[in-house]
Each structure stands twice: as C-alpha cells, then as structure tokens.
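Single-letter residue listing:
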Amino acid sequence: MKSHLCHMLSRCRRLIALIVISFATYGCASGPTIVGNWKAVEGAATVNFAADGGFQAVDNQGMPVSGKYRLVGANGIQFEIQHGGDETETIEARVIRAGERLTLAFPGENTVESYERIP
C-alpha cells in the first residue's frame, strides 16, 4: 500500500512540474506572443513585429509605416510611430491572439483588423 501511495505522489509531482513548465514556455502571464510576419485576412496589409519591439507595416493602400510597439497589460498594445522630424504619434489598441490569427481592435477609430501568420 505504501509503495502505491509513493508512486501516486511521484506521478502528481511530475504532472505539476509539466504544468509549470508549460506555463513558463508559453508565457501566459506576459500576454500574447505576436513576433513574426502577419497578413490581413481582408486586403493586402502586412505587419512584421520584431522581437526587439520594432514593427514595419504596409497598409491596404500600400503606404509603409514603422515604429516601435509594446505590449501593455494582458491584451493591450501601444504603437509609437515616428513621422517626419520629431513628431511622434501614439496609437493604442487591443490585441487578441488565437492560434495563427491576430486581431487588433482600435477603439478610438472603431476599427477591427484581423491578420493571419505568414512565413
């Protein structure tokens, strides 16, 4: 009986360790991972999020834009876009990552954009 209890405790410890490693690997507490290349589901827009916090995008009209981004809280993102000279524009949005789909909701513009990961 004692051997059976030890075996169950050992299995329990391994399961807990596996759960902890999974949370650490996927970074559940740090928000969605968005680094990579994305293409709009509707339209020709693309965006690349770099690991260093930079982004490059091209909108549906072919206009390029670049700057810095940072994830804020559980599902926020803040874009800092450098325009000519010292003028900087800050745009805030909500970011939702579900598998290979990324959705950006811009409440100030009442706009939602969906992207799919591309290689």
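Conventions and cut-offs
Residues numbered from 1 in each chain as written. Predicted model: local features only at pLDDT ≥ 70, side-chain atom pairs only at ≥ 80, totals over all residues. Heavy atoms only, no water. 1 Å grid on protein atoms, 1.4 Å probe; cavity = no way out; pocket = protein on both sides within 12 Å on 5 of 7 lines; lining within 4 Å. Points joined across faces, edges and corners; volume = space filled by probe spheres on them. Helix = DSSP H or I, 4+ residues; strand = E, 2+ residues; numbered from the N terminus. Nonpolar A, V, L, I, M, F, W, Y, C, P; charged D, E, K, R; others polar. Core = buried A, V, L, I, M, F, W, Y, C linked by side-chain atoms within 4.5 Å. Buried < 20%, exposed > 50% of the residue type's maximum accessible area, 1.4 Å probe, protein only. Contact = heavy atoms within 4.5 Å. pLDDT = per-residue confidence, 0-100.

Enquirer: Looking at this structure, I do not really get the layout of surface pockets. What am I missing?
Expert: Taking a probe equal in size to a water molecule and rolling it over the atoms shows the remaining empty space. In this structure, the largest pocket occupies an estimated 610 Å³ of space. If you trace the largest pocket, you find 27 residues lining it, with Asp-59, Val-65, Phe-106, Glu-113 and Tyr-115 closest to the centre. Put simply, the parts of the chain that give the lining of the largest pocket at least two residues each are strand E2 (46-49), strand E3 (54-58), strand E4 (64-72), strand E5 (76-82), strand E6 (88-98), strand E7 (101-106) and strand E8 (111-118). Taken together, the residues of the lining of the largest pocket sort by class into 17 nonpolar, five polar and five charged.

Enquirer: Help me understand the nonpolar core in this model?
Expert: Across soluble globular proteins, you tend to see nonpolar side chains buried next to one another. Core analysis: the largest hydrophobic core is formed by 19 residues, its most contacted members being Phe-49, Phe-55, Ile-77, Phe-79 and Tyr-115. Of all the secondary structure elements, the ones that give two or more residues to this core are strand E1 (36-40), E2, E3, E5, E6 and E7. Setting aside anything within four residues of it in sequence, one finds Phe-79 in contact with Phe-49, Phe-55, Lys-68, Tyr-69, Glu-89, Thr-90, Ile-91, Ala-93, Leu-104 and Phe-106.

Enquirer: Hey, could you run me through the confidence of the model for the protein chain in this one?
Expert: Low-pLDDT portions of the prediction should not be read for the details of their coordinates. Overall, the predicted model of the protein chain reaches an average pLDDT of 79, with 73% of residues at or above 70. Under a pLDDT of 50 for its full length, residues 1-30 has, in the predicted model, two contacts with residues more than four places off or in other chains.

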